[in-house]
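Notes for the structure review
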Amino acid sequence: MSPVVKPNALPWLLVSVLVIALDQLTKWWVLTSLPEFTPVPVIEGFWNWYRTYNTGAAFSFLAGQGGWQKWFFTVLAFGISAVLAWWMARTPRSDWRTALPFALVIGGAIGNVIDRQLHGHVVDFIQWYWGDYYWPSFNVADAAIVGGAIGIALFGIIGAKKTDPR
């Protein structure tokens with residue numbers, strides 16, 4: 001008699017594919033439609049389209065390091081994505097609080113890897129600001145990574161409280 005196999009969360013990787021497609025589609029639009037380094041107001045005083053490039057990671061971390069960081073961030077993204085996919089294979093399909101954040105991080109990470117490999121940098125284009133204070137420009141992949149990380153932290157805390165035997 002074979003053990004009952006419960007469906008795993010790997011189908012949630014379709015969300016990763018959706019993130020990658022949306023990310024690459026928006027970056028194609030940016031590269032073919034927006035001028036470089038020129039703000040295009042979306043909501044005056046708060047939000048611009050602003051085509052810029054990042055050879056580093058979050059907040060341009062390691063941006064000026066001569067090129068080795070392209071490979072470092074590529075290996076890091078694939079490594080993290082592989083670990084998250086491995087965890088998804090061991091997660092019940094119905095556990096969306098685990099699967100969705102993992103899928104968002106994977107999609108965002110791979111979306112930015114595609115940029116690094118095609119262009120040597122990541123294309124950023126969403127610029128939020130208030131007065132003279134500007135948040136660093138970002139893209140759809142970055143938003144997915146941050147949303148996924150928040151979901152992992154938030155649902156991890158909520159899940160820990162549910163299963164705490166005290």
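The structure displayed is predicted, hence computed values, not measured ones. (Residues numbered from 1 in each chain as written. Predicted model: local features only at pLDDT ≥ 70, side-chain atom pairs only at ≥ 80, totals over all residues. Heavy atoms only, no water.)

Concerning the confidence of the model for the protein
Here the protein shows a mean pLDDT of 89. Residues at 70 or above account for 86%. The element-level mean pLDDT for the protein is lowest in helix α4 (residues 140-163), coming to 87, with helix α1 (residues 13-33) highest at 98. (pLDDT = per-residue confidence, 0-100. Helix = DSSP H or I, 4+ residues; strand = E, 2+ residues; numbered from the N terminus.)

Points about unusual backbone geometry
The backbone of Phe37 shows a phi angle near 55°, a positive value even though the residue is not glycine. With respect to the element layout, Phe37 can be found in the loop between α1 and β1 (40-43).

Examining the side chain of Asp23
For Asp23, the location among the structural elements is in helix α1. At 3.1 Å, the side chain of Asp23 forms a polar contact with the side chain of Gln24. (Polar contact = N/O pair within 3.5 Å; in protein donor to acceptor, adjacent residues only side chain to side chain.)

Structural notes on the packing of α1 against helix α3 (residues 96-119)
With their axes 8 Å apart at the nearest point, α1 and α3 run at an angle of 40° to one another. The two elements α1 and α3 meet at a crossing, and its hand is right-handed. Across the interface between the two elements, Leu13, Val15, Ser16, Val19, Ile20, Asp23, Gln24, Lys27 and Leu31 of α1 pack against Leu100, Ala103, Leu104, Ile106, Gly107, Gly108, Ile110, Gly111, Asn112, Ile114, Asp115 and His119 of α3. Its residues assigned to classes, the contact of α1 with α3 comprises 11 nonpolar, seven polar and three charged. (Axes fitted to C-alpha atoms, helices over the stretch in contact; angles between N-to-C directions. Left-handed = near helix turned anticlockwise from the far one by under 90°. Contact = heavy atoms within 4.5 Å. Nonpolar A, V, L, I, M, F, W, Y, C, P; charged D, E, K, R; others polar.)

Side note on the nonpolar core
Buried together is how nonpolar side chains tend to be arranged in soluble globular proteins. Counting residues in hydrophobic clusters, the biggest one holds 10 residues: Ala9, Ile20, Leu84, Met88, Ala99, Phe102, Ala103, Val105, Ile106 and Ile110. When contributions to this core are tallied by element, the ones reaching two or more residues are α2 (68-89) and α3. Per-element accounting of this core gives the leading share, six residues, to α3. Setting aside anything within four residues of it in sequence, one finds Ile20 in contact with Gly107, Ile110, Gly111 and Ile114. (Core = buried A, V, L, I, M, F, W, Y, C linked by side-chain atoms within 4.5 Å. Buried < 20%, exposed > 50% of the residue type's maximum accessible area, 1.4 Å probe, protein only.)

What about the packing of aromatic side chains?
By the definition in use, this model includes 10 aromatic pairs. Summarising the aromatic geometry, the rings of Phe37 and Tyr53 are spaced 5.8 Å apart at their centres and angled 85° between planes, so their arrangement reads as edge-to-face. Of this pair, Phe37 sits in the loop between α1 and β1 while Tyr53 is found in strand β2 (residues 47-54), placing the two residues 16 residues apart along the sequence. The exposure class assigned to Phe37 is partly exposed, which follows from its relative accessible area of 45%. Aromatic pair Trp96 and Phe155: ring centres 5.4 Å apart, planes at 75°, arrangement edge-to-face. Of this pair, Trp96 sits in helix α3 while Phe155 is found in helix α4, placing the two residues 59 residues apart along the sequence. For Trp96, a relative accessible area of 36% puts it in the partly exposed group. By way of ring pairs, the aromatic residues Trp29, Trp47, Trp49 and Phe125 are connected into one cluster. (Phe/Tyr/Trp six-rings, centres within 6.5 Å; stacked < 30°, edge-to-face > 60°.)

Let's talk about a nonpolar patch on the surface
Taken together, Val42, Ile43, Phe46, Trp128, Trp130 and Trp135 make up a surface patch of nonpolar side chains, about 650 Å² in accessible area. Elements represented by at least two residues in the nonpolar patch include exactly β1 and β3 (122-130). Of note, Trp135 is situated in the loop between β4 (133-134) and α4. (Patch = residues over 30% accessible without salt bridge, like charges linked within 9 Å, V, L, I, M, F, W, Y side chains within 5 Å. Areas by Shrake-Rupley, 256 points an atom, 1.4 Å probe, with all protein chains shown as cover. Salt bridge = Lys/Arg side-chain N within 4 Å of Asp/Glu carboxyl O.)

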